[in-house]
Amino acid sequence: MLIETPLSDSASDAEHGVTSRRAFLRTATFTAAGAAALAACGKDASAKPSAADPHAVAATPVAAAAATPASIRAAADAMDAMHEKGIKCFPAKTAGLGNQLMAPKLVNGVKVYDLTASEIQWEVAPGQMVAAMAYNGQVPGPQIRVREGDRVRINLKNELKQSTAIHMHGVELPNDMDGVPFITQPPVKPGESFTYEFTAPVGNAGSHMYHSHHNSATQVGLGLLGAFIIEPKTPRPIEKVAQDYVLILNDGMHGFTINGKGFPATQPFTAKLGDKIRIRYMNEGMMIHPMHLHGMHMTVIDKDGWAQPQPWKCDTLNIAPGERWDVIINCNNPGTWAFHCHILGHAETEHGMFGMVTALVVSK
Amino acid sequence: MLIETPLSDSASDAEHGVTSRRAFLRTATFTAAGAAALAACGKDASAKPSAADPHAVAATPVAAAAATPASIRAAADAMDAMHEKGIKCFPAKTAGLGNQLMAPKLVNGVKVYDLTASEIQWEVAPGQMVAAMAYNGQVPGPQIRVREGDRVRINLKNELKQSTAIHMHGVELPNDMDGVPFITQPPVKPGESFTYEFTAPVGNAGSHMYHSHHNSATQVGLGLLGAFIIEPKTPRPIEKVAQDYVLILNDGMHGFTINGKGFPATQPFTAKLGDKIRIRYMNEGMMIHPMHLHGMHMTVIDKDGWAQPQPWKCDTLNIAPGERWDVIINCNNPGTWAFHCHILGHAETEHGMFGMVTALVVSK
Amino acid sequence: MLIETPLSDSASDAEHGVTSRRAFLRTATFTAAGAAALAACGKDASAKPSAADPHAVAATPVAAAAATPASIRAAADAMDAMHEKGIKCFPAKTAGLGNQLMAPKLVNGVKVYDLTASEIQWEVAPGQMVAAMAYNGQVPGPQIRVREGDRVRINLKNELKQSTAIHMHGVELPNDMDGVPFITQPPVKPGESFTYEFTAPVGNAGSHMYHSHHNSATQVGLGLLGAFIIEPKTPRPIEKVAQDYVLILNDGMHGFTINGKGFPATQPFTAKLGDKIRIRYMNEGMMIHPMHLHGMHMTVIDKDGWAQPQPWKCDTLNIAPGERWDVIINCNNPGTWAFHCHILGHAETEHGMFGMVTALVVSK
């Protein structure tokens, strides 16, 4: 998920940018309270507050525990233990990572991407296996990054039990490459293939998507989607960032997910203090998701790949289905920051956080 | 629905701008694949891809059909046939067209519009009759276009079985013309009439709406709504377009509709290559609808009739209930382009496209 | 709810700004029809139109009543009587008012706010008592207003039966003051307390919120939320307004509410003709609410406390969960104006208006 050199033209393998849980925890240890919480994943959840947190110490003695009946305290402790358990497991290890940067094959100057659609089992959260449709076994499918003017070929092989097709959402292509069965092409039947070939339009750089446009409520809901990013020939100064992240929202049959996983299996976004990072929000679901970042604001630069007339600031950005919004975050506040959909029912129950919750970790 | 001379002051009859299916198909034949698909409406659906489409030819031989069990292929073919059937029927003929431009009577310099609210049966999609409440038998009601400074009189006659009233949504009128029963006027009882008379405020040009403001969740959901457009005395250069379209969204008791019809009975929007067209989005429903246009972007110019500080671009525009958004499309990409709500559940099921789906047809 | 001197630094008591029903009605009497409707609260609802309203007089004789069967008229009258009853009761008196400006204690230059979270019964609409969680017995909690650079201390006492914590939504605080249990602090157990202390960041002025960040879908849905406003050291000219109002939306277990009450118990917003007023919209719910004002437009100045690059105008503003939007209204149109969420199902049923409905009353 994490792209270390996003504006580089060089291809990298499918493993590129994977942040291991171990590496994340190394990064996170600068925050004593956060580290205490995050380091205990897999161990018995301990409800004891970290001694390194002065507020934890302060919290206990202010009111006499005796004033609260033991049964109420026990019920609160039981609820809190469930909350703590989820957070201590974050980022929880699950099989499979989606949205991995895909290296093209170069064939006579054409960037060639082979995408196979098939039915898989996907571990959306620890131990929670769901039926999925996936490109190359990933949900979201592999991240495709090309540059304005690149010649691009996408070989779609359909190993599903139903027909499919790919629409490049936001990319202004010739009509016969638009990927809508019976309007611009025939459906790609089970066992068959189809080749999309086009030039990434100059002037159409930005954050786009590819996804099924056949039986799409089902196929996209099950995972046939991915980021299609066209990098500009000449990036704007505001685009020069330390990290360039994609954050794809979905709310289909897999529940509420960020990049194909629900909390605590979501991956954190990381930055060093002082970094500017970019988040490319993409909504592949059927509901709005107002994404809220704690601790720092976001500067909105692009809508659907098009520059806004002027950048503008917010801390909660409403992403509607089909929309892409690009923001820059000036990571000037160290710590582990909650980062979640602010429809609270997409993020937390009485059993703790779930679904569309992740963190931005700013390390000193 | 299609307004050929939208900025003209001259009135036209209720038939003005109706695009017949025959005329549409003439326009559409420039796209071989699209024409093949669209031309077969009413015939047996043929699943054979058009020979005129090179990709259709390419699609078949890449993988040996033998690799796929016949039962899977048959199931896929059955699903595809349902999808194809809907698209081949588009634009399907149904009884009644809403949003027809209404010519006023001129009485002593006043533009007079007679609106009768009554209960009707409305064919929302082929063969699908629904109970509706309508102004002058149309869903949406007749399109009203006046000019800044015009004196306007609306004679409402209530032939419903319940009281009603009309609110001019977005128009800054004197309080007693605001149309809210028990706050600004008494309800208009069954069998009674009420006259609204006002001057279209100078400085308040743009895309507005009229609709019931009494038992409104029901009455607007059933069809008591329409476009109320105030044309500016001095249009901005960006407003000089070849076609000026209204696109009203609703999601009440008639399901997901565009201008009162669900796909395949929705009407396509048409343009000639190189045309600039305007779409006036209006949401009369209770849900958001992020409208996505394929093949070209949209330049947003107005919100609720008010110019945005600067135009901005997108391909997916989220229209919330009560909002109006005006966009300009530079039709520089020929073809038949899917144009739909990107909440995929409002646009497609396993049985094919339905509801909030239409097309923008750009002919050479 | 009504803050008469919002930019003043002086503290006022919890009663400050409460508009009594009597005072409201005095203000409202300039509109004959409105006054007739509004003055009858508590009396038998009379369906007779006011003689002071010329349209009421006009409405009756146009169609002969004989044309409408008596049973239809009776059914319409019965429905209308329910609608009228709600409007005549507005603003209905209920026990408790939320969002009352809270005066801090000043302790060595620190503004100290004591907030106690407890379970209460809340009268959300006349006679409708609901279980709530509240800060200091108010839903929303007390309105907190500080100034950029102020030192602020919030003493949270938890008298709930479950743990809690407070997140200052939109305020860029040091990580250990961010209020997220197990990430930035331990949960505050029943009977315990926790102190948040920080400097209101300079450059972070605007409309923010405080709310629970523990079991938040439940706790915020039940009322643990409030406005946290940071006033700028140097207000912009556009911020100099006659009235500065907060309008908090919620859609949790209490139904659709504005500042903790459903219509007709919502409080009207009032202005004198020619006043500029500010509305600070805050959405603490889980759904969008496109707020529509009749009669006048709104000029949007801030998003989440951050100035938009340029102000822009609308009459329907979509507020998503977690968002804050600040608008200026130039009250140049006298009358009692409906002001409501335009998701009509959040505002009206066949029994009349309810939920997210209030009024802006502009008096001469």
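Here the structure is shown first, and the text comes after it.
Presented here is an overview of the structure given in this document. This is a predicted model, so every value here is computed, not measured.

## Describing the overall build of chain A
So, step 1. Along its length, chain A carries 5 helices and 22 strands.
So, step 2. Residues classed as buried in chain A amount to 66% of the 364 residues present.
So, step 3. Considering only contacts within chain A whose residues lie at least 6 apart along the sequence, 75% involve residues at least 24 apart.
So, step 4. Surface accessibility of chain A: about 11700 Å² in total, with carbon and sulfur atoms responsible for 57%.

## Here we look at the nonpolar core
So, step 1. Within the largest apolar cluster, 96 residues are counted, with the highest numbers of intra-cluster contacts made by Y281 of chain A, Y281 of chain B together with Y281 of chain C.
So, step 2. In contact with Y281 of chain B, not counting residues within four places along its chain, are L247, M291, M298, L317, I319, E323, R324, W325, V327 and F339 of chain B.

## Quick look at the relation of the copies chain A and chain B
So, step 1. Between chain A and chain B, the superposition needs a rotation of 120 degrees and an axial shift of 0.0 Å, giving an RMSD of 0.0 Å. Taken together, the rotation angle and the small translation identify this as a three-fold axis.

## Some details on the pattern of salt bridges
So, step 1. Inspection of every chain in the model, using the stated rule, returns 75 salt bridges over all chains.
So, step 2. We note a salt bridge from R324 of chain C to D315 of chain A, for which the minimum N-O separation is 2.7 Å. Note that R324 of chain C is positioned in strand β18 (residues 324–330) and D315 of chain A in the loop between β16 (306–314) and β17 (316–319), a pairing that runs across two chains. Here R324 of chain C matches D315 of chain A in class, with each residue buried.
So, step 3. In this structure, R147 of chain C engages E231 of chain C in a salt bridge whose closest nitrogen and oxygen atoms are separated by 3.5 Å.

## A look at helix α4 (residues 70–89) of chain A
Every α-helix winds through 3.6 residues per turn, so residues three or four apart in the chain are directed the same way.
So, step 1. The end-to-end C-alpha distance of α4 of chain A is 28 Å, a good match for the 28 Å that 20 residues give at a rise of 1.5 Å each.
So, step 2. Looking only at α4 of chain A, the buried set comprises I72, A76, M79, D80, H83, E84, G86, I87, K88 and C89 of chain A.

## Looking at the sheet that holds strand β6 (residues 166–169) of chain A
Residues and elements named next belong to chain A.
So, step 1. Pairing is mixed across the open sheet formed by 4 strands, whose spatial order is β4-β9-β8-β6. Of all the strands in the sheet, just β4 (144–147) and β6 have a single pairing partner and so form its edges. Pairs of neighbouring strands in the sheet enclose a mean axial angle of 25 degrees, with direction left out of account.
So, step 2. Here strand β8 (residues 206–212) runs beside strand β9 (residues 225–231); their pairing, made up of 6 bridges, is antiparallel. Its bridge partner lying in β9, M209 is registered against A227.

## Section: the relation of the copies chain C and chain B
So, step 1. The two copies are related by a screw operation: chain C maps onto chain B through 120 degrees of rotation and 0.0 Å of translation along the axis, at an RMSD of 0.0 Å.
So, step 2. Interface overlap between copies: only 6% of the residues of chain C at the interface are likewise at the interface in chain B, consistent with a contact formed by different surfaces.

## Points about helix α4 (residues 70–88) of chain C
So, step 1. Counted at 1.5 Å a residue, the expected span for α4 of chain C with its 19 residues is 27 Å, and the 26 Å between its end C-alpha atoms agrees.
So, step 2. All of the buried residues along α4 of chain C are I72, A76, M79, D80, H83, E84, G86, I87 and K88 of chain C.

## Side note on the state of the cysteines
Residues and elements named next belong to chain A.
So, step 1. Across all of its chains, the model carries 0 disulfides over all chains by this definition.
So, step 2. Free of any disulfide, C341 has its nearest neighbouring cysteine sulfur in C314, separated by 14 Å.
So, step 3. For C341, a relative accessible area of 0% corresponds to the buried category.

## Some details on the interface of chain C and chain B
So, step 1. On the chain B side, the residues contacting the 52 residues of chain C number 51 residues.
So, step 2. Along the contact surface separating chain C from chain B lie 4 salt bridges.
So, step 3. A salt bridge links E192 of chain B to R73 of chain C; its shortest N-O distance comes to 3.1 Å.
So, step 4. Applying the counting criterion to the chain C and chain B interface returns 24 residue pairs in polar contact (both at pLDDT 80 or more).
So, step 5. Listed by contribution, the elements that provide at least two residues to the side of chain C that touches chain B are α2 (32–38), α3 (54–59), α4, β14 (289–293), β16 (306–314), β17 (316–319), β19 (335–341) and β20 (348–349) of chain C.
So, step 6. Looking at which element gives the most residues to the side of chain C that touches chain B, the answer is α4 of chain C, with 9 residues.

## Overview of the interface of chain A and chain B
So, step 1. Across the contact, 51 residues belong to chain A and 52 residues belong to chain B.
So, step 2. Carbon and sulfur atoms supply 59% of the area that chain A and chain B bury against each other, a total of about 4300 Å² over both sides.
So, step 3. The tally of links between chain A and chain B comes to 4 salt bridges.
So, step 4. In this assembly, chain A and chain B are joined by 24 residue pairs in polar contact (both at pLDDT 80 or more).
So, step 5. Among the elements of the structure, β6, β7 (193–199), α5 (216–221) and β16 of chain A are those that each provide at least two residues to the side of chain A that touches chain B.
So, step 6. Residues of the side of chain A that touches chain B, tallied by class, amount to 19 nonpolar, 22 polar and 10 charged.

## Some points on the environment of G352 of chain A
All names here are of chain A.
So, step 1. Position of G352 relative to the elements: it lies in strand β21 (residues 352–353).
So, step 2. For G352, a relative accessible area of 3% gives the class buried.
So, step 3. For the pair G352 and I248, spaced 104 residues apart in sequence, the C-alpha to C-alpha distance is 22 Å.
So, step 4. When residues no more than four places from it in sequence are discounted, the contact partners of G352 are H83 and A347.

## Quick notes on the packing of aromatic side chains
Residues and elements named next belong to chain B.
So, step 1. Under the defined criterion, the tally for this structure stands at 27 aromatic pairs over all chains.
So, step 2. On the basis of an interplanar angle of 80 degrees and a centroid distance of 5.1 Å, the ring pair of Y245 and F269 is categorised as edge-to-face. On the criterion of sequence distance, the pair formed by Y245 in strand β10 (residues 243–250) and F269 in strand β12 (residues 269–272) is long-range, its members being 24 residues apart.
So, step 3. Residue classification places Y245 among the buried residues on the basis of a relative accessible area of 0%.

## Here we look at the environment of K364 of chain C
Residues and elements named next belong to chain C.
So, step 1. With respect to the helices, strands and loops of the structure, K364 is situated in the segment after β22 (357–363).
So, step 2. In this structure the C-alpha to C-alpha distance between K364 and N333, which are 31 residues apart in sequence, comes to 9.1 Å.
So, step 3. Apart from the residues within four sequence positions on either side, K364 is in contact with L273 and P334.

## Concerning the sheet that holds β19 of chain C
In a beta sheet, neighbouring strands pair by backbone hydrogen bonds and run either parallel or antiparallel.
All names here are of chain C.
So, step 1. Read from one edge to the other, the open sheet built from 5 strands follows the order β12-β22-β19-β14-β17, with strand pairing classed as mixed. Each edge of the sheet is formed by a strand with only one pairing partner; in this case those strands are β12 (269–272) and β17. Pairwise comparison of adjacent strand axes, ignoring direction, gives a mean angle of 20 degrees for this sheet.
So, step 2. With 3 bridges joining them, β14 and β19 adopt antiparallel strand pairing.

## Describing unusual backbone geometry
So, step 1. Cis geometry marks the peptide bond from F90 of chain B to P91 of chain B; its omega dihedral reads -10 degrees.
So, step 2. Tracing the backbone shows P91 of chain B in the loop between α4 (70–88) and β1 (105–107).
So, step 3. Residue N259 of chain A is not a glycine yet carries a positive backbone phi of 50 degrees.
So, step 4. Among the structural elements, N259 of chain A can be located in the loop between β11 (257–258) and β12 (269–272).

## Details of the side chain of K189 of chain A
So, step 1. Secondary-structure assignment places K189 of chain A in the loop between β6 and β7.
So, step 2. The buried category is assigned to K189 of chain A, whose relative accessible area is 7%.
So, step 3. Within the structure, K189 of chain A has its side chain in polar contact with the side chain of D80 of chain B (distance 2.7 Å).
So, step 4. Apart from the residues within four sequence positions on either side, K189 of chain A is in contact with N158 and S163 of chain A together with R73, A76, D77 and D80 of chain B.

## As for the environment of V220 of chain B
So, step 1. Mapped onto the elements, V220 of chain B comes out in helix α5 (residues 216–221).
So, step 2. Each C-alpha atom, one on V220 of chain B and one on Y210 of chain B, is 10.0 Å from the other, the two residues being 10 residues apart in sequence.
So, step 3. Beyond its immediate sequence surroundings of up to four residues, V220 of chain B is in contact with H211, S212, L225, N250 and E284 of chain B together with L344 of chain C.

## A short note on the side chain of H297 of chain C
So, step 1. Take H297 of chain C: it is sitting in the loop between β14 and β15 (298–303).
So, step 2. Here H297 of chain C falls in the buried class, since its relative accessible area comes to 17%.
So, step 3. A polar atom in the side chain of H297 of chain C sits 2.7 Å from the side chain of E172 of chain B.
So, step 4. The residues touching H297 of chain C, leaving out its near neighbours within four places in the chain, are E172 and W306 of chain B together with K313, C314, I328 and I329 of chain C.

Calculation rules
Residues numbered from 1 in each chain as written. Chains lettered and ligands numbered in written order. Predicted model: local features only at pLDDT ≥ 70, side-chain atom pairs only at ≥ 80, totals over all residues. Heavy atoms only, no water. Helix = DSSP H or I, 4+ residues; strand = E, 2+ residues; numbered from the N terminus. Buried < 20%, exposed > 50% of the residue type's maximum accessible area, 1.4 Å probe, protein only. Contact = heavy atoms within 4.5 Å. Areas by Shrake-Rupley, 256 points an atom, 1.4 Å probe, with all protein chains shown as cover. Core = buried A, V, L, I, M, F, W, Y, C linked by side-chain atoms within 4.5 Å. Least-squares fit on C-alpha atoms with pLDDT ≥ 70 in both. Salt bridge = Lys/Arg side-chain N within 4 Å of Asp/Glu carboxyl O. Expected span 1.5 Å × (residues − 1). Pairing = 2+ DSSP bridges. Axes fitted to C-alpha atoms, helices over the stretch in contact; angles between N-to-C directions. Disulfide = S-S within 2.5 Å. Polar contact = N/O pair within 3.5 Å; in protein donor to acceptor, adjacent residues only side chain to side chain. Buried area = accessible area lost by both parts, 1.4 Å probe. Nonpolar A, V, L, I, M, F, W, Y, C, P; charged D, E, K, R; others polar. Phe/Tyr/Trp six-rings, centres within 6.5 Å; stacked < 30°, edge-to-face > 60°.

Don't take any of this as a statement about function, it's just geometry.
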